Amino acid sequence: MKDDFFMTKNERVLEYLKSLPEGTKISVRSLAQALKISEGTAYKAIKDAESMYIVTTIPRAGTIRTKPKNKLFDRLTYEEIKNVVDGTVLGGENGLNIELNKFLIGAMTTEEMVKYIQPGDLIILGNRDNAQMAALKAGAAVLITGGFDAKIEVKTLADKLSLPLISTTYDTFTVATLINKAVNERMTKKRILLVSNIMSTNPIYMTTNQTVNDWKALLNKTSHTRYPVVDESGTLVGIVTSREIAKADDYDKIGDIMARNPIYVTETTTVAFAAHLMIWWNIEVLPVTNNKELVGIISREDVIKALQYMAKQPQIEETINDTLLKDFHAEKTQDGMKFYGTIPQNMVNQLGTVSSSALMMLMSECGISSVTRNKRFDAVVDNFLVYFIRPLQTEKTIEVNTAIIDYSGNFCKVEISVLYEETMIAKALMSLRLLKNKKLF
C-alpha cells in the first residue's frame, strides 16, 4: 500500500472504505463528515468503490460495504482463461493480463502448427516440449492439458517472453469446451444499461425555501419547467412543474406548492424499468437518488436513446419471445399487421396441444409488435383480455392478425385474432401505454 503522504484524496477514501467491516452502511454525507472532505469527493469515491466491488448500492437499503466478488470480464485475458480451466501458472506470469486473440488446439505437427499461430493466441497442447517452445517463440501462450508439468527451459522462455505457460488437469476436449463457452459469453453478452449510465449528474434543482419567482428565473435561464426539490440536507422531497406554479403566487414557497412523494429511481435501477415507470405514470423526467439524496436526473429522451441502443445489442441467448417469433413472418396491413408461421414443438402442454400460455404470449408479442412497427413507439401492456382459446396442435401453420382499433394520446387498443385454416382459434383485446419522445419544456 502507498504511504499516506503520497496518496491522492480519492485513494485515501478508497482505503478507508476497504477498512470498513462488511455490512457497514455508507452515505455520501456520513463519509464526507468522517473524512472531512467535500460531498462531491465522497460521491466520486463511492462510485469508484462500487465499480471495484468494494461497496454495493441496493435499492431501499442504500450503499453497503460488501465482500469483493469476481467481476464479469469485459476482456478475455489469459488470467481469465487460467481461472476458467482451474489452471496453474508454470511461467510467464507477467503476461496474464494480455487479451486473448484466439485459441488453437495443437493436434498437428509442430511445423504445421506454427503456420496458424499469431501473437496473442493460446495453444492447447499436451506434454510436447518442442511444440511448447515453438508456440512461445511464435508469440502465443501455452495451455498444457492432462496436468503435465513443463521442462525448465520452457518455463524460462515463458518468463523471458512474458507469455503465460499454464497447466490444467482437464483433458483437451473439456478445456476447449470451457474456453469456447467463456468466449461466447464475452462476445454475446448484452450490456444491461443502468440509470447511472445515462443520467445527468449535475441536475438543476430547487429547494423548499425558494419561491415561485425563483422558478420563473430558472425558466428564463434554462427553459425547463420541471425541477426536483430538495430540503436543506439535499434529500429529495418533491418535484415542481408548471402545473403547480400556475396555481401559486410569486412569493409562495416551493416547499408549500410542490408535488410531494415524487416517483424516483436509483443509480442501479435498470433503464428498462425506468422506461416502464415513465410509460406507466406518463412522466417526462425522473430524479435519481442515492440514499434519497438527489444525485442526477434522466429524461424521456435519454431513456428512448438508451432503449434504441439496447435494441441493437446482441442477446445473451435466445429468449422465449425470440423462440416464439423466429418462425413467423410479418406483413403490414391497412390497420395493423399479419403474422404467419408455426408454433415451435417445445410449446406443447401435458395434453400434446399448444400451451394456452404460449399462445397468449404469442398474441401479446404480435400485438406489441404491430404497435411498435406501425407507430414507432415503445409500448408496454396495460391490459390483455382473451375472449376464448381453442386447442391447437404444434407445428401447424397459423395466422395472427392484429388491428389497431383505437389510438389516442398515450394509449392504444389492438384486436388480435388467431386463425388456422380460416377457423378462429383465439381472440383477444389488448390495450397498451406508449412511450413517446415528448418535449420536456
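Data block above holds the structure.
Nothing here was measured: the structure is a model prediction, and the numbers come from that model.

(A) Quick peek at the packing of helix α1 (residues 9–19) against helix α2 (residues 28–35). Direction vectors running N to C along α1 and α2 enclose 110°, while the axes themselves pass 12 Å from each other. Relative to α2, the element α1 is oriented roughly perpendicular. Contacts between α1 and α2 involve V13, Y16 and L17 from the first element and L31, A34 and L35 from the second. Taken together, the residues of the contact of α1 with α2 sort by class into 6 nonpolar, no polar and no charged.

(B) Up close: the sheet that holds strand β11 (residues 236–240). Pairing within the open sheet is mixed, and its 4 strands lie in the order β9-β10-β11-β12. The two strands at the open ends of the sheet, each matched to only one other strand, are β9 (206–207) and β12 (259–260). Relative to β12, β11 is paired through 2 bridges, and the arrangement is antiparallel. Along β12, the bridge assignment pairs G238 with R260. Sheet strands in contact with helix α10 (residues 212–222) are β9, β10 (227–230) and β11, and its direction is about 140° off that of β10.

(C) Structural context of α10. Taken together, the buried positions of α10 are V212, W215, L218 and T222. In an axial view of α10, the angular spread of the buried residues amounts to 110°, which keeps them on one side of the axis. Seen from the open side of α10, the exposed residues pointing more than 90 degrees away from its buried face are N220 and K221. Residues of α10 that are buried make contact with β9, β10, β11, α11 (242–245) and α12 (254–257). Taken from the residues just after α10, S223 is the one with a positive phi, measuring 70°.

How each quantity is defined
- Residues numbered from 1 in each chain as written.
- Predicted model: local features only at pLDDT ≥ 70, side-chain atom pairs only at ≥ 80, totals over all residues.
- Heavy atoms only, no water.
- Axes fitted to C-alpha atoms, helices over the stretch in contact; angles between N-to-C directions.
- Helix = DSSP H or I, 4+ residues; strand = E, 2+ residues; numbered from the N terminus.
- Parallel < 35°, antiparallel > 145°, perpendicular 65-115°, else oblique.
- Contact = heavy atoms within 4.5 Å.
- Nonpolar A, V, L, I, M, F, W, Y, C, P; charged D, E, K, R; others polar.
- Pairing = 2+ DSSP bridges.
- Buried < 20%, exposed > 50% of the residue type's maximum accessible area, 1.4 Å probe, protein only.
- Arc of directions from axis to C-beta.

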